[in-house]
Amino acid sequence: MTEGLKWITNEVPKSKDSYLELMSEENVKKANEFHKSFPQYSVTPLKKLGALAQYLGVKGIYCKDESYRFGLNAFKVLGGSYAMGRYIAKELKKDISELPYNVLSSDKLREEFGQATFFTATDGNHGRGVAWAANRLGQKAVVRMPKGTTKTRFDNIAKEGAIVTIEDMNYDDCVRMAAAEAAKTEHGIIVQDTAWEGYEEIPAWIMQGYGTLMLEAIDQLHQVAPTHIFVQAGVGSFAGMVQGMVTAAWGENRPKVIVAEALIADCLYRSARSKEGDAIAVGGDLQTVMAGLACGEANSIGWKLLRDYANAFASCPDEVAALGMRMLGNPLAGDPQIISGESGAVTTGLLALLMTSPELAQTREQLGLDAHSRVLLVSTEGDTDPQQYLDIVWGGQYPGINK
């Protein structure tokens, strides 16, 4: 049985909204050049899981391992750092190409620009990236975290010099809190990957920053498109980036994109299920082991890209993420080990269930997953909460949903 796991293929009527230009190769390459200017930059590995592919009955599985990104154990810094760079460039009326890392971090730049306070809300990885970038660029950061945040994730942000608090509210309310504080602060700016009406420029920059990851992956795949991409979604900015990039690059020949969300915060799944075209919010405490996906209100840009082009949405109980963590951390003979956190591994668990569960045979067929399929996965984070990682992988928390 696959109890609790919910699927829907995308039957939402397509719109005339087009954000594909945002994720064009030209725009994403700007972000990539910016990231390459950082001394911490290196291309993260794309690991081939040949034994797992054979076991699951597909031609190939390739997993982009973001635990190596900038020494921060997650991909999120790509978005926050680029958005901050673009904001500073705009204020100085310069092009981002004029502000590589050595210029942005210089005393001369600080004299010219002054000091801003970058506000953000986070479940962990995004806030750590913003705090890290602000620290290196001589700027200030204020980070608000939702109830249920672990001490490890809090400490990782605090050690970057940010003002950070855990609030008695969910992630989406923390976003509203940070935005209100930024509006009242001189030279304050909200850096958030959640887009809403009137706040789209910075989220778009963040999505373009995330695009560095996909540019690398496409190059590592030798410019050959995979047949399927499984991508995790919180607010949908990362998933929207993936969808936008592959659609802009390959058009009708693009890979099929399958979106995975946490069951308790499945706003994109519910939005697709309604078939109305509008994003549907999910409220409540949003407590899930997939902290990075505990977001109940969609990024308006990301949702529109996924609404118009994604193939399917899945709403996943926590056990799906735990399954993926154990599979990647304890690989079959010949495959490399990948230390993947809860939000990073949910797509692996989802693929495994989809390929092995009799109840999902029809969905598997609808998506064209078979012996000819080449699947791309992204492990978006490593063990960002090391103790919880051990509790799941060693201690057996969240046992499998196959019964």
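See the structure above.
Report on the accompanying structure. What you see is a predicted model, and the numbers here were worked out from it, not measured in a lab. Just so you know, the residues in each chain are numbered from 1, in the order the chain's sequence is written. In view of the model being predicted, local features appear only for residues whose pLDDT reaches at least 70, and side-chain atom pairs are presented and counted only at 80 or more, with totals across whole chains, interfaces and linings using the full set of residues. No hydrogens and no water enter the side-chain calculation; it runs on all heavy atoms of the structure.

What follows deals with the packing of aromatic side chains. Pairing of aromatic side chains here covers Phe, Tyr and the six-membered ring of Trp, requires ring centres within 6.5 Å, and sorts the geometry by plane angle: under 30 degrees stacked, over 60 edge-to-face, intermediate tilted. Counting across every chain of the model gives 14 aromatic pairs. Taken together, a centroid distance of 4.7 Å and an interplanar angle of 50 degrees make the contact between Phe38 and Tyr101 tilted. In this pair, Phe38 sits in the loop between helix H1 (25-36) and strand S2 (46-48) while Tyr101 sits in helix H4 (residues 101-104), placing the two residues 63 residues apart along the sequence. Of the two residues examined, Phe38 and Tyr101, each falls in the buried class. Strands here mean DSSP runs of E at least two residues long; helices mean DSSP runs of H or I at least four residues long; both are numbered from the N terminus. Throughout this description, buried means an accessible area under 20% of the type-specific maximum (1.4 Å probe, protein chains only), exposed means over 50%, and partly exposed covers the range between.

This part covers helix H13 (residues 318-329). How far a helix is expected to stretch is found by multiplying one less than its residue total by 1.5 Å. Along its twelve residues, H13 runs 17 Å from first to last C-alpha, staying within 8% of the 16 Å computed at 1.5 Å per residue. Most of H13 sits inside the fold, with nine of its twelve residues counted as buried. Throughout, a residue-residue contact means that at least one pair of heavy atoms, one from each residue, lies within 4.5 Å. Looking at the packing, one finds that the buried side of H13 touches strand S10 (312-316), helix H14 (342-356) and helix H16 (386-393).

Further remarks concern empty space enclosed by the protein. If a probe the size of a water molecule is rolled over the atoms, the empty space left behind becomes visible. For cavity detection a 1 Å grid was placed over the protein atoms alone, and a set of points counts as a cavity when a 1.4 Å probe fits there but cannot get out; an open set counts as a pocket when protein lies on both sides within 12 Å along at least five of seven lines, with lining residues being those that have an atom within 4 Å of a point. Grid points are joined across faces, edges and corners, and a volume is the space filled by probe spheres set on the points. Inspection of every chain in the model, using the stated rule, returns two cavities of 30 Å³ or more. Within this model, the largest cavity holds a volume of roughly 310 Å³. Lining the largest cavity we find 25 residues, and of these Phe75, Lys76, Asp193, Gly292 and Leu293 sit closest to its centre. At the level of secondary structure, the elements contributing two or more residues to the lining of the largest cavity comprise helix H6 (125-136) and helix H10 (237-250). Each residue belonging to the lining of the largest cavity can be placed in one class, and the counts come to eight nonpolar, twelve polar and five charged. Each pocket or cavity is described by its volume, and for the second largest cavity that value is around 40 Å³. Lining the second largest cavity are Gly124, Asn125, Arg128, Arg153, Asn156 and Thr384. Looking at the lining of the second largest cavity, the elements with two or more residues in it are H6 and helix H7 (151-158). A class-by-class count of the residues in the lining of the second largest cavity yields no nonpolar, four polar and two charged. Throughout, the ten residues Ala, Val, Leu, Ile, Met, Phe, Trp, Tyr, Cys and Pro are labelled nonpolar, Asp, Glu, Lys and Arg are labelled charged, and all others, Gly among them, are labelled polar.

Counting buried positions over the five residues of strand S4 (residues 117-121) gives five, a clear majority of the element. On S4, burial covers both faces: Thr117, Phe119 and Ala121 on one face and Phe118 and Thr120 on the other are all buried. Strand pairing is assigned whenever DSSP detects at least two bridges linking the two strands. Here five bridges tie S4 to strand S5 (residues 140-145), and the two strands are oriented parallel to one another. Note that in S5 the partner of Thr117 across the bridge is Lys140. When the strands point away from the viewer and the path from the first strand over the helix to the second turns clockwise, the crossover is right-handed. Regarding topology, H6 serves as the crossover connection from S4 to the parallel S5, and that connection is right-handed. With three bridges joining them, S4 and strand S7 (residues 188-190) adopt parallel strand pairing.

Right, let's get into the pattern of salt bridges. Salt bridges are defined as contacts in which a side-chain nitrogen from Lys or Arg sits within 4 Å of a carboxyl oxygen from Asp or Glu. Considering all chains together, one arrives at 22 salt bridges under this definition. Ionic pairing is found between Lys151 and Asp155, a salt bridge with its closest N-O pair at 2.6 Å. In this pair, Lys151 and Asp155 both sit in helix H7, four residues apart, roughly one turn of the helix. A salt bridge links Arg270 to Asp266; the shortest N-O distance between them is 2.7 Å. Judged by its relative accessible area of 30%, Arg270 falls in the partly exposed class.

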